[in-house]
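# Coordinates in review
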Amino acid sequence: MATESALVVETLHGPENVTLELKGDVPLTIGRGQENDLILASGKTVSRNHAVFTSNGEVWKLQDTESLHGTFLNGIKLKQCRAVRIRAGDLVTIEPFTFEIVNPLDDKRFTQTFDDANTLGGTAIVQLDQSDNEVAMAQERLAALLNCSQSIHAATSEEKIAEVLAVAAKLGTTFGNIAVVRPASGGRVEILAALGQIALDGKLNLSRSLLDAALEGEPVRYQKAQIIDEQAQSIMHHNIDEAVCIPIKLSSTVVGCIYIDNRDGQKNGTSSEEDIEFCKALAEIASLAISNLKRLDIELRHSEERHTFLLGTVSALVSAIDAKDTYTCGHSERVAWLSKELAKKLELDAIAVEQIHICGLVHDIGKIGIPESILRKPGKLTDEEFEQIRAHPVIGEDILKDVAQLKPVLPGVRSHHERWDGKGYPDGTKGEDIPLFGRIIGVADAFDAMCSSRAYRQKLNRDEVLDEITACSGAQFDPNIAKLFLTIDFIHYDVMIDFHVSQSAL
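Being a predicted model, the structure only gives us computed values, none of them experimental. (Residues numbered from 1 in each chain as written. Predicted model: local features only at pLDDT ≥ 70, side-chain atom pairs only at ≥ 80, totals over all residues. Heavy atoms only, no water.)

Along its length, the protein chain carries 15 helices and 18 strands. When the 506 residues of the protein chain are sorted by exposure, 47% land in the buried category. Within the protein chain, contacts between residues at least 6 apart in sequence are counted, and of these 63% link residues at least 24 apart. Carbon and sulfur atoms make up 51% of the accessible area of the protein chain, which totals about 24,400 Å². (Helix = DSSP H or I, 4+ residues; strand = E, 2+ residues; numbered from the N terminus. Buried < 20%, exposed > 50% of the residue type's maximum accessible area, 1.4 Å probe, protein only. Contact = heavy atoms within 4.5 Å. Areas by Shrake-Rupley, 256 points an atom, 1.4 Å probe, with all protein chains shown as cover.)

Burial of nonpolar side chains together is a common tendency in soluble globular proteins. Leu 338, Phe 447, Phe 485, Phe 490 and Tyr 493 are the most contacted members of the largest nonpolar core, which totals 44 residues. Among the secondary structure elements, those contributing two or more residues to this core are α5 (273-324), α6 (331-345), α7 (350-362), α11 (410-415), α12 (436-451), α13 (462-471), α14 (479-485) and α15 (491-504). Here the element with the most residues in this core is α12; it accounts for nine residues. Those residues in contact with Phe 490, other than ones at most four positions away along the chain, are Leu 338, Phe 447, Arg 462, Leu 466 and Phe 485. Ala 155, Leu 250, Phe 278 and Cys 279 belong to the second largest nonpolar core, which has 32 residues in total. (Core = buried A, V, L, I, M, F, W, Y, C linked by side-chain atoms within 4.5 Å.)

Our focus in this paragraph is the pairing of strand β2 (residues 19-22). Only one face of β2 is covered, namely the face carrying Leu 20 and Leu 22; the face carrying Thr 19 and Glu 21 is uncovered. Where strand β1 (residues 7-13) folds back on β2, the antiparallel hairpin that results is connected by five residues. (Pairing = 2+ DSSP bridges.)

For the rest of this paragraph, the subject is the sheet that holds strand β9 (residues 84-85). One open sheet holds the five strands; their spatial order is β4-β3-β5-β6-β9, and the pairing between them is mixed. Only two strands of the sheet have a single neighbouring strand rather than two, namely β4 (38-39) and β9. In this sheet, β4 lies alongside strand β3 (residues 28-31) in parallel orientation, the contact comprising two bridges. Bridge assignment links Gly 31 to a residue of β4, and that residue is Ile 39.

Time to look at the pairing of strand β10 (residues 91-94). Side chains Leu 91 and Thr 93 project from β10 onto one buried face, and the interleaved Val 92 and Ile 94 project onto a second face that is buried too. Direction of pairing for strand β7 (residues 72-73) relative to β10: antiparallel, over a ladder of two bridges. Across the sheet, Phe 72 pairs through a bridge with Thr 93, a residue of β10. Pairing geometry for β10 and strand β11 (residues 97-102), over four bridges, is antiparallel. Note on β11: the bridge partner recorded for Val 92 is Phe 99.

What follows is about the packing of aromatic side chains. All chains considered together, the criterion is met by six aromatic pairs. Seen from their ring centres, Phe 97 and Phe 99 are 5.6 Å apart, and the 5 degrees between their planes marks the pair as stacked. Note on accessibility: Phe 97 and Phe 99 belong to one class, buried. With centroids separated by 5.7 Å and ring planes inclined at 55 degrees, the aromatic side chains of Phe 485 and Phe 490 adopt a geometry described as tilted. Given the relative accessible area of 0%, Phe 485 is considered buried. Judged by its relative accessible area of 8%, Phe 490 is buried. Taken together, the ring pairs in this structure connect Phe 447, Phe 485, Phe 490 and Tyr 493 into an aromatic cluster. A cation over an aromatic ring shows up here: Arg 462 above the ring of Phe 490, its NZ or CZ 5.2 Å from the ring centre. (Phe/Tyr/Trp six-rings, centres within 6.5 Å; stacked < 30°, edge-to-face > 60°. Lys NZ or Arg CZ within 6 Å of the ring centre and 35° of its normal.)

What follows is the structure, given as structure tokens:
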């Protein structure tokens, strides 16, 4: 599988075809000026220095560099100087250009359109007048439109939206063949939904000329001429009497098309204006629904980036703990995994499962404040030394309290050494008064401590450890959590501990 670094920027629509391979770790600029890596000299609304692609060696991001007319990602205008991670399939619009971000090794289901520019000669396709809003739709079409509106805004993906559109177009028009497609570079289209003869064998028989005309941003129509050139191929070869292609737009970006046609004598005469107005209304509804999805997607990308940064910070902190105490190398990672598995056994939601995993990673962060001489001491600790060890949950909470994203895990960090019988520390809470995360981490922490060799003792065998968990149920541990803990499959844990032991020996 190709990595995200193997991406290419290809022209989907615009006054000229230009491409840019995203490679290396040097910023790649876009603009009208000749100093740019992607030069858009023919774009009158393109700023001299318009936007920039940047990479950290793993992912690519796009950022508008205070351009005059803006940079759009999937139809959503980017905030200036705020970089957004890009992915294969994204559409980048810098008017009058629209580019597709392409992964050359992508195996998505694309199909080629047929090249019929010479056949049609540009005369059989006309833009439809969008100003004629006086044509009234029939009552049943209005009802179908309202039903479509309700269904489409409940859809959670573009594919679901496309399915709703295709069914509505089939029911609300006299056209027999429907396709909802996403145009791609290189004369390809991605199938989102299709009905009728177009969907047979999964092959779309669509006119490239019609799609290219729709990419201008206006609905277009093809009507079969009375006299057909005997050499004509493509759209005439499929005996299509009439076809309409209506763009779905976000701002100035065409993110999809509703294509409808009648072929092989399915219908005599031409379509009514109501058919076309109905599909134009469908496209408007789809535009609103897709816009909501795209805005959410960009926010999710920012959220993922923040989460990745958070995990990187957490990983650095965990490495700092391991560096202080080589005997506990990998301890936090293993406790995090065990805690996550236990959270799943408790049927916590996905957010809580992820939070408990992070809590496991940082539960011992307070040991950064404990001298190494105490952490690595092979013999028995003095009372004073033990009091310093007992302070690490509170120290950990103090270290992490100003990190907003870690606020949910603080109770677990502070309470992971509390006991069910109230004899733990630092607060002496007991039973269900102990935060759930603390009760989960407490079992996982004790298990891994017994399974690992320490400076002051050798590890116990697995049966001894599980027997100890059972014996301490209801005293040290929450009995319900201890019972569920015994049902965990420890195969992955054993692989982790073998790896960590090998690392600590280096």
